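# A closer look at the structure
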Amino acid sequence: LAAALAEQGVAGTVTGFGSFVGLHLGVDRAECYRDGAAADKGLGRLLHLALLREGVSCAPRMSWNTSTAMDDGIIDDVLARFARALAYVRPALAG
């Protein structure tokens, strides 16, 4: 996820603990609640819809749960779908 953000020039950071993954758009870090609360909620909503369009389900707050049932092929597929969804909403970032 972080690589896709960097490749497309989208500000954001990825956090995680165990199987939980969080995406925080529009911030360079998310070390505490305040950092995460500063994330761009509007872009998050757009990205959530674009992800659903790509067949990827996540929480509207941009959080995922991974599973040991997810092999490398599934992870690679989800990452590709994420990159496409991100590219789809990328024009919304242009002022």
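As a reminder, the structure under discussion sits directly above these lines.
Residues numbered from 1 in each chain as written. Predicted model: local features only at pLDDT ≥ 70, side-chain atom pairs only at ≥ 80, totals over all residues. Heavy atoms only, no water.

## Observations concerning the overall build of the protein
Across its full length, the protein carries 4 helices and 3 strands. The helix and strand sequence of the protein, counted from the amino end, reads α-β-β-α-α-β-α. The C-alpha atoms of the protein give 13 Å as radius of gyration, which agrees with the globular expectation for 95 residues (12 Å, within 12%). With the C-alpha coordinates of the protein rotated into their principal frame, the extents come out at 40 × 30 × 20 Å. Looking at the protein as a whole, 31% of its 95 residues qualify as buried. In the protein, the share of contacts with a sequence separation of at least 24, taken over all contacts with a separation of at least 6, comes to 47%. Carbon and sulfur atoms make up 56% of the accessible area of the protein, which amounts to about 6000 Å² in all. (Helix = DSSP H or I, 4+ residues; strand = E, 2+ residues; numbered from the N terminus. Rg over C-alpha atoms; globule rule 2.2 N^0.38 Å. Buried < 20%, exposed > 50% of the residue type's maximum accessible area, 1.4 Å probe, protein only. Contact = heavy atoms within 4.5 Å. Areas by Shrake-Rupley, 256 points an atom, 1.4 Å probe, with all protein chains shown as cover.)

## Some thoughts on the sheet that holds strand β2 (residues 20–25)
Backbone-to-backbone hydrogen bonds join strands into a sheet, with any given pair of strands oriented parallel or antiparallel. Taken together, 3 strands build an open sheet; the order of strands is β1-β2-β3 and the sheet is antiparallel. The two strands at the open ends of the sheet, each matched to only one other strand, are β1 (12–17) and β3 (63–65). When strand polarity is set aside, the average angle formed by the axes of neighbouring strands in this sheet is 15 degrees. In terms of strand pairing, β2 meets β3 through 3 bridges, oriented antiparallel. When the bridges of β3 are listed, Phe20 appears paired with Asn65. (Pairing = 2+ DSSP bridges. Axes fitted to C-alpha atoms, helices over the stretch in contact; angles between N-to-C directions.)

## Describing the nonpolar core
By size, the foremost hydrophobic cluster in this structure holds 17 residues, and its most contacted members are Leu23, Leu47, Leu51, Trp64, Phe82 and Leu86. Those elements that place two or more of their residues in this core are α1 (2–7), β2, α3 (41–53) and α4 (72–89). Setting aside residues no more than four positions away along its own chain, Leu47 makes contact with Leu23, Leu25, Met62, Phe82, Ala85, Leu86 and Val89. (Core = buried A, V, L, I, M, F, W, Y, C linked by side-chain atoms within 4.5 Å.)

## A few points about the packing of aromatic side chains
In the structure shown here, the tally under the stated rule is 1 aromatic pair. Taking the centre distance of 6.3 Å and the plane angle of 80 degrees together, the rings of Trp64 and Phe82 count as edge-to-face. With Trp64 in strand β3 and Phe82 in helix α4, this pair connects stretches of sequence that are 18 residues apart. Sitting over the ring of Tyr88, Arg53 keeps its end group 4.0 Å from the ring centre. (Phe/Tyr/Trp six-rings, centres within 6.5 Å; stacked < 30°, edge-to-face > 60°. Lys NZ or Arg CZ within 6 Å of the ring centre and 35° of its normal.)

These figures come from the coordinates and say nothing about function on their own.
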